[in-house]
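Listed below are the residues making up each chain.
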Amino acid sequence: MIEFLTDEATRRAGLPFSPVVRVGGILYLSGQMGVRPGTKELVAGGVLAEARQAMDNIGAVLAANGLGFDAVFKATVMLADMADWPAFNAIYLTYFTPGRLPARSAFGASGLALGGRVEIEVMAWAGAV
């Protein structure tokens, strides 16, 4: 069974995707950027602020589905500039328990939506259904 999970904020913002799709026991989260929840407005402060907001946005989606970051087993990171990788990692690591880091891919993108510096998508284990 496939469940397309959305919320009122996503509908109001007119975003063309579901924030989460559940397939069996896995949650596939759409890419999160450093935007204020329910808006298309990037936070000020560059890659560090955007990375923190994107991770907070992921945390909110996980929490809304009864999960935390320990459920994340795969992450994909897109950066507008790979030179930001060390700065991004400094923020990213603070969200995970040491020794429980998800498998991860990271790549540079020639452009991200809204002129963002970072976008992160994750997969999380939600348990048997």
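Here the largest pocket defines a volume of roughly 580 Å³. Taken together, 26 residues make up the lining of the largest pocket; nearest its centre are Thr 10, Leu 15, Phe 17, Pro 19 and Gln 32. If you tally residues by element for the lining of the largest pocket, the top one is helix H2 (residues 46–64), at four residues. Per-class residue counts for the lining of the largest pocket are 14 nonpolar, eight polar and four charged.

Here we take up helix H3 (residues 85–92). Given 3.6 residues per helical turn, the α-helix brings residues three or four places apart onto the same face. All of the buried residues in H3 are Phe 88, Asn 89, Ile 91 and Tyr 92. Buried positions in H3, seen along its axis, are confined to an arc of 160° and lie on one side of it. Against H2, strand E5 (72–79), strand E6 (103–108) and strand E7 (118–125) lie the buried residues of H3.

This part takes up the environment of Asp 56. As for its placement among the helices and strands, Asp 56 is situated in helix H2. The class of Asp 56 is partly exposed, set by a relative accessible area of 36%. For the pair formed by Asp 56 and Ala 87, sequence separation is 31 residues and the distance between their alpha carbons is 16 Å. A distance of 2.7 Å separates the side chain of Asp 56 from the side chain of Tyr 95, its partner in a polar contact.

A few words on the packing of aromatic side chains. This model, assessed by the stated rule, comprises four aromatic pairs. Here Tyr 92 and Phe 96 contribute two aromatic rings whose centre-to-centre distance is 4.9 Å and whose plane-to-plane angle is 50°, an arrangement assigned as tilted. Both residues of the pair, Tyr 92 and Phe 96, count as buried. Taken together, the ring pairs in this structure connect Phe 69, Phe 88, Tyr 92, Tyr 95 and Phe 96 into an aromatic cluster.

Note: strand E1 (residues 2–5) against strand E2 (residues 20–23), four bridges, orientation antiparallel. Residue pairing for E2: Leu 5 is matched across the bridge by Val 20. Where E2 meets strand E3 (residues 26–29), four bridges bridge the pair, whose relative direction is antiparallel. Looking across to E3, one finds that Arg 22 is bridged to Leu 27. If you look at the hairpin formed by E2 and E3, you'll find two residues sitting between the two strands, and Gly 24 has a positive phi there, around 60°.

Before going further, it helps to examine the nonpolar core. Leu 29, Met 55, Ile 58, Leu 62, Phe 69, Phe 88 and Ile 120 are the most contacted members of the largest nonpolar core, which totals 25 residues. Breaking this core down by element, the ones donating at least two residues are E3, H2, E5, H3 and E7. In terms of residues, this core owes the most to one element, H2, which gives six residues. Aside from chain neighbours lying at most four places away, what touches Leu 62 is Leu 29, Leu 67, Gly 68, Phe 69, Val 72 and Ala 124. Counting residues in hydrophobic clusters, the runner-up holds five residues, among them Met 33, Met 78, Ala 109 and Leu 112.

So, how was this worked out
- Residues numbered from 1 in each chain as written.
- Predicted model: local features only at pLDDT ≥ 70, side-chain atom pairs only at ≥ 80, totals over all residues.
- Heavy atoms only, no water.
- 1 Å grid on protein atoms, 1.4 Å probe; cavity = no way out; pocket = protein on both sides within 12 Å on 5 of 7 lines; lining within 4 Å.
- Points joined across faces, edges and corners; volume = space filled by probe spheres on them.
- Helix = DSSP H or I, 4+ residues; strand = E, 2+ residues; numbered from the N terminus.
- Nonpolar A, V, L, I, M, F, W, Y, C, P; charged D, E, K, R; others polar.
- Buried < 20%, exposed > 50% of the residue type's maximum accessible area, 1.4 Å probe, protein only.
- Arc of directions from axis to C-beta.
- Contact = heavy atoms within 4.5 Å.
- Polar contact = N/O pair within 3.5 Å; in protein donor to acceptor, adjacent residues only side chain to side chain.
- Phe/Tyr/Trp six-rings, centres within 6.5 Å; stacked < 30°, edge-to-face > 60°.
- Pairing = 2+ DSSP bridges.
- Core = buried A, V, L, I, M, F, W, Y, C linked by side-chain atoms within 4.5 Å.

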